[in-house]
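Each chain is listed here by its residues.
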Amino acid sequence: IFKKRRGIASGVATTGSGVGTSIFSSVIPGIVDRVGVWSAMQMLAGFCFCISIAGSLLFTIPGSQKAGPPPPPAGWRDSLTQQHVKRALIGTTLASFGLWMPTVYLARYGADLGFTEEEARRVVTMFGVGSMVVRLPVTYMGDVAGQRRVTSLVMVVFGVTTLLLPLYGEVYALFLAYGVLVGGMVGSFMALLGPLMAELVELTYMPKVTTTSFTLLGLGFAGGPAIGGAIYDTTGSFAGSFVFAGVMGVLGGVTILASNRRFTLPRCLKGGMLAAASPSSRSGSLTHAAPPRESREMARAASMSRGEQQLLASPGQSDST
């Protein structure tokens, strides 16, 4: 449906995740204090189940699809063997190992820095506000400047600010500002991922490429916090965990920037290359290739005079002469 403004459409459609982060970060602690952890988890599970039922009712707008049979689906191998797609998938995987670190450990890190529980919880709320508000202008920038460039910029900003957090995080105002900014970067990345893949590949490849990218994101979301927890257990501080997240964000952003769309030749050059690659042209090119050794010797013998050939044919007679 959305071709020219895919970024802002995705940003608006995913803004609800920021609303949920802002609301539930304040509501869940009260629910846990009132009914306990397990009852609170059951309530959240029931809520998510109701949301999944609502999501299953999504339908296609009449007239949004072109008439005619749908294009044949692309195979997994054709979808994932393109070099620029591989770089984009590697970049999103690297970025995912850092993206979820602030979401999981931001409040804990604030408590370790000496902030009160209420102050640390407020940072998580501002994280959700940033995710809700910042993604809208950022996704609009993606439509204007290109999804690949803006997605790379988002991850570099996330990585640098997270990498340097141990240097300025003790100031609560800066720590709060970090929560807003990084929440916006995380939300923007999630909103830009679909338009990014649509910019890199044809629509035929979109289902399999998008499925693979979100699967790899799941690996990072599971592995990144685990690595951050292991760093905390080893060093006794979350500073190393956030440094690791920042490094992975920068590496992911640089790799995504390198995922240029595959170069396509003009039609006239494509015709010339196809003609050169045809069997007839290949057989003709062999006639102009360097002749083998036997052919060279035959040509040399043909260029000799008749007397020289007789001398070569009868060496004994030449000696007597």
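Residues numbered from 1 in each chain as written. Predicted model: local features only at pLDDT ≥ 70, side-chain atom pairs only at ≥ 80, totals over all residues. Heavy atoms only, no water.

A.B. asks: Before we go on, may I ask you to explain the packing of aromatic side chains in this structure?
C.D. replies: One pair of aromatic rings is described through two measures. These are the centre distance and the angle between the planes. Summed over all chains, the structure comprises 8 aromatic pairs. Note on Tyr109 and Phe175: the rings are 6.3 Å apart at their centroids and 70° apart in plane angle, and the pair reads as edge-to-face. Taken together, the positions of Tyr109 in helix α5 (residues 83–112) and Phe175 in helix α10 (residues 172–200) put the pair 66 residues apart, joining distant regions of the chain. Look at Tyr109 and you get buried, because its relative accessible area is 3%. Note on Phe175: relative accessible area 0%, which makes it buried. (Phe/Tyr/Trp six-rings, centres within 6.5 Å; stacked < 30°, edge-to-face > 60°. Helix = DSSP H or I, 4+ residues; strand = E, 2+ residues; numbered from the N terminus. Buried < 20%, exposed > 50% of the residue type's maximum accessible area, 1.4 Å probe, protein only.)

A.B. asks: Any chance you could explain the nonpolar core here in plain terms?
C.D. replies: One recurring pattern in soluble globular proteins is that nonpolar side chains are buried together. Phe189 and Phe242 are the most contacted members of the largest nonpolar core, which totals 40 residues. Where this core is concerned, the elements lending two or more residues are α5, α6 (117–133), α8 (147–163), α10, α11 (206–235) and α12 (239–257). Residue contributions to this core peak at 12 residues, all from α10. Discounting residues that sit within four places of it in the chain, Phe189 has contacts with Thr92, Ala95, Leu99, Thr151, Val154, Met155, Leu217 and Ile256. (Core = buried A, V, L, I, M, F, W, Y, C linked by side-chain atoms within 4.5 Å. Contact = heavy atoms within 4.5 Å.)

A.B. asks: Could you clarify how one ought to interpret the confidence of the model for the protein in this entry?
C.D. replies: Reading predicted coordinates in detail is not appropriate for stretches of low pLDDT. Taken as a whole, the protein shows an average pLDDT of 76; of its residues, 69% reach a score of 70 or greater. Counted against residues more than four places away or in other chains, residues 262–292, with its pLDDT under 50, gives 10 contacts. Within the model, the stretch residues 315–321 combines pLDDT values under 50 with 1 contact to residues more than four positions away or in other chains. (pLDDT = per-residue confidence, 0-100.)

A.B. asks: Help me understand the pattern of salt bridges, please; the structure alone is not making it clear to me.
C.D. replies: Enumeration over the complete set of coordinates arrives at 2 salt bridges. A salt bridge links Arg121 to Glu117; its shortest N-O distance comes to 2.9 Å. Of the two residues, Arg121 and Glu117 are both situated in helix α6; the distance of 4 residues between them amounts to about one turn of the helix. When its relative accessible area of 25% is taken as the criterion, Arg121 is described as partly exposed. Residue Glu117 is classed as exposed on the basis of its relative accessible area of 60%. For Arg121, the salt bridge identified is with Glu118, shortest N-O distance 3.9 Å. Linking Arg121 with Glu118, this pair stays in helix α6, spanning 3 residues, or about one helical turn. (Salt bridge = Lys/Arg side-chain N within 4 Å of Asp/Glu carboxyl O.)

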